[in-house]
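Inside the fold
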Amino acid sequence: MKISQAAGNICTVSATPTQKQETDKSSDNKIIYLPGTDCMIRSQAALSAFTSYRVGGAAEWYVAPRNLEALQASLNYAKEHNLTVTTLGAGSNLLVSDRGLPGLVVATRHLRHTHFDPETGLLTVAAGEPIPSLAWEAAQLGWQGLEWAVGIPGTVGGAVVMNAGAHNSCIADILVSAEVLSPDGTLETFSPEQMGYTYRTSLLQGSDRIVTQATFQLQPGADPATVLAVTKQHKQHRLSTQPYNFPSCGSVFRNPKPYAAGWLIEQTGLKGYQIGGAQVAQLHANFIVNRGGAKASDIFCLIRHIQEQVQERWSILLEPEVKMMGEFQAACG
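Residues numbered from 1 in each chain as written. Predicted model: local features only at pLDDT ≥ 70, side-chain atom pairs only at ≥ 80, totals over all residues. Heavy atoms only, no water.

A word on the overall build of the chain
Broken down by element type, the chain carries seven helices and 18 strands. If one aligns the C-alpha atoms of the chain with their principal axes, the spans along those axes are about 60 × 55 × 35 Å. Buried residues in the chain amount to 51% of all 333 residues. In the chain, once contacts between residues fewer than 6 apart in sequence are set aside, the share between residues at least 24 apart is 62%. Accessible surface for the chain amounts to roughly 15,300 Å². Of this, 48% is attributable to carbon and sulfur atoms. For the chain, the centre of its 24 positive side-chain charges and the centre of its 27 negative side-chain charges are spaced 7 Å apart. (Helix = DSSP H or I, 4+ residues; strand = E, 2+ residues; numbered from the N terminus. Buried < 20%, exposed > 50% of the residue type's maximum accessible area, 1.4 Å probe, protein only. Contact = heavy atoms within 4.5 Å. Areas by Shrake-Rupley, 256 points an atom, 1.4 Å probe, with all protein chains shown as cover. Lys, Arg positive; Asp, Glu negative; His and termini not counted. Charge placed at Lys NZ, Arg CZ, Asp CG, Glu CD.)

Below, the structure written as structure tokens:
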């Protein structure tokens, strides 16, 4: 089988098993093909290309499988070589250290399939499907239940794990089941109760299990024009109230009810405050944007500064919603 360099994201099961090969591109850049697949594992892959912040160092090893079998083969490789595994979806809720990540980074963004069942209203979708495009597709069919998700900048897998939400709705409201892959290759089906959902998190958060697909309960049969109109309203609201002109991770902090994190930050006088290329957004204070040339350390130190200032002013410690991966300096100054 011949695989070109341009096929770097291809990761499927091969019809004819192949022997594992390792090709040195340089002393620090290697390519490995997994047995029985055309699945390519790359070394020293720059993660800044795969995160919405556009920051972060390199993955020691990186793979982007396109189906369940290739995903299982990737996990087997990690187990055989005693590599830690980090799962990466759309990279929209992450801050990856400038030092990069050790072990194998498994990107699920290429796990794609959707199935709408008009008789039951069940939507089964793979982990790599982008939430916004899924919301538009459902709206065009006249299916209600995902209008709120049109502005969520992530994939289904990440949304299920973190219980993504907006406009007083969230994944927990519509999830029927999630298919979850364990490191040993075992597949399990989790109910919403087993997910242990609370505000913007689940029992899978921080675990070594990977969501491969999910099934949602929607309501088919509505007028597509009506559903599209509501979806467009939600999208327009996001565009008018949140900054999309610079890279960001979305909301940085969880809302400490009854307060909104953005309001607390704004009242502390931190709108526009900047460290390096990282800035508290002028449009919405619960966003930190990369104004250009920011490092992950800039964003990390700005997060810590916001926490310190808000706690000093309000005696409230803001809890980050963004997931920080890798090593960060203990002190900023």
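There is more to say, and it comes next.
Comments concerning the pattern of salt bridges
All told, the structure shown has four salt bridges when counted by the stated rule. Put simply, Glu327 and Arg99 hold a salt bridge, and the shortest N to O gap is 2.9 Å. Taken as a pair, Glu327 in the segment after β18 (323-325) and Arg99 in the loop between β6 (94-96) and β7 (101-107) lie far apart in primary sequence, 228 residues in all. Of the two residues examined, Glu327 and Arg99, each falls in the exposed class. (Salt bridge = Lys/Arg side-chain N within 4 Å of Asp/Glu carboxyl O.)

Side note on the pairing of strand β13 (residues 187-190)
In this sheet, β13 lies alongside strand β12 (residues 175-181) in antiparallel orientation, the contact comprising four bridges. Counted as the bridge partner of Leu181 is Leu187 from β13. (Pairing = 2+ DSSP bridges.)

Overview of unusual backbone geometry
The omega torsion across Lys257 and Pro258 is 10°, close enough to zero to call that bond cis. For Pro258, the location among the structural elements is in the loop between α5 (224-241) and α6 (261-267). If you check the backbone angles, Gln44 has positive phi at about 50° while not being a glycine. By secondary structure assignment, the location of Gln44 is in strand β3 (residues 40-46). For Gln44, a relative accessible area of 44% corresponds to the partly exposed category. Even without a glycine there, the phi angle at His167 is positive, about 55°.

Quick word on the sheet that holds strand β15 (residues 274-275)
The strand order across the open sheet built from three strands is β15-β16-β17, with neighbouring strands paired in antiparallel fashion. Across the chains shown, the open sheet's two edge strands, defined by having one partner strand only, are β15 and β17 (288-290). Across the sheet, helix α7 (residues 296-314) touches β15, β16 (278-280) and β17, and the angle it forms with β16 is around 30°. (Axes fitted to C-alpha atoms, helices over the stretch in contact; angles between N-to-C directions.)

Here we look at the nonpolar core
By size, the foremost hydrophobic cluster in this structure holds 33 residues, and its most contacted members are Leu146, Val160, Ile171 and Phe216. Counting residues per element, the ones that place at least two in this core are β9 (122-126), α2 (131-141), α3 (156-162), β12 and β14 (210-217). Of all the elements, α3 adds the most residues to this core, at five residues. In this view, Ile171 contacts Trp148, Ala159, Val160, Asn163, Ala164, Tyr197 and Phe216; residues no more than four positions away in its chain are not counted. (Core = buried A, V, L, I, M, F, W, Y, C linked by side-chain atoms within 4.5 Å.)

Considering α5
For α5, spanning 18 residues, the distance from its first C-alpha to its last is 26 Å, which sits close to the expected 26 Å at 1.5 Å a residue. Among the residues of α5, Val227, Leu228, Thr231, His234 and Arg238 are the ones counted as buried. Buried residues of α5, viewed axially, fall in a sector of 125°; they line one side. Exposed and oriented more than 90 degrees from the buried face of α5 are Lys232 and Gln233. Where the residues of α5 are buried, they touch α2 and β10 (165-166). (Expected span 1.5 Å × (residues − 1). Arc of directions from axis to C-beta.)

What about α7?
Between its first and last C-alpha, α7 extends 27 Å over 19 residues, near the 27 Å set by a 1.5 Å rise per residue. Within the sequence span of α7, burial applies to Ala296, Asp298, Ile299, Phe300, Cys301, Leu302, Ile303, His305, Ile306, Gln307 and Val310. Just beyond α7, the residue with positive phi is Ser315, at close to 60°.

Here we look at the packing of aromatic side chains
The final tally for this structure, using the stated rule, is five aromatic pairs. Taking the centre distance of 5.1 Å and the plane angle of 90° together, the rings of Phe116 and Trp143 count as edge-to-face. Taken together, the residues Phe116 in strand β8 (residues 114-117) and Trp143 in the loop between α2 and α3 connect sequence positions 27 residues apart. In terms of burial, Phe116 and Trp143 fall into one category: buried. Relative to Trp314, the ring of Trp263 lies with its centre 5.3 Å away and its plane at 50°, an arrangement referred to as tilted. Of this pair, Trp263 sits in helix α6 while Trp314 sits in helix α7; the two residues are 51 residues apart in sequence, bridging distant segments of the chain. Taking the relative accessible area as the measure of exposure, Trp263 reaches 39% and is therefore partly exposed. An aromatic cluster is defined as three or more aromatic residues linked by ring pairs; in this entry it consists of Tyr259, Trp263 and Trp314. The ring of Tyr244 carries the charged tip of Lys235 above its face, separated from the ring centre by 5.5 Å. (Phe/Tyr/Trp six-rings, centres within 6.5 Å; stacked < 30°, edge-to-face > 60°. Lys NZ or Arg CZ within 6 Å of the ring centre and 35° of its normal.)

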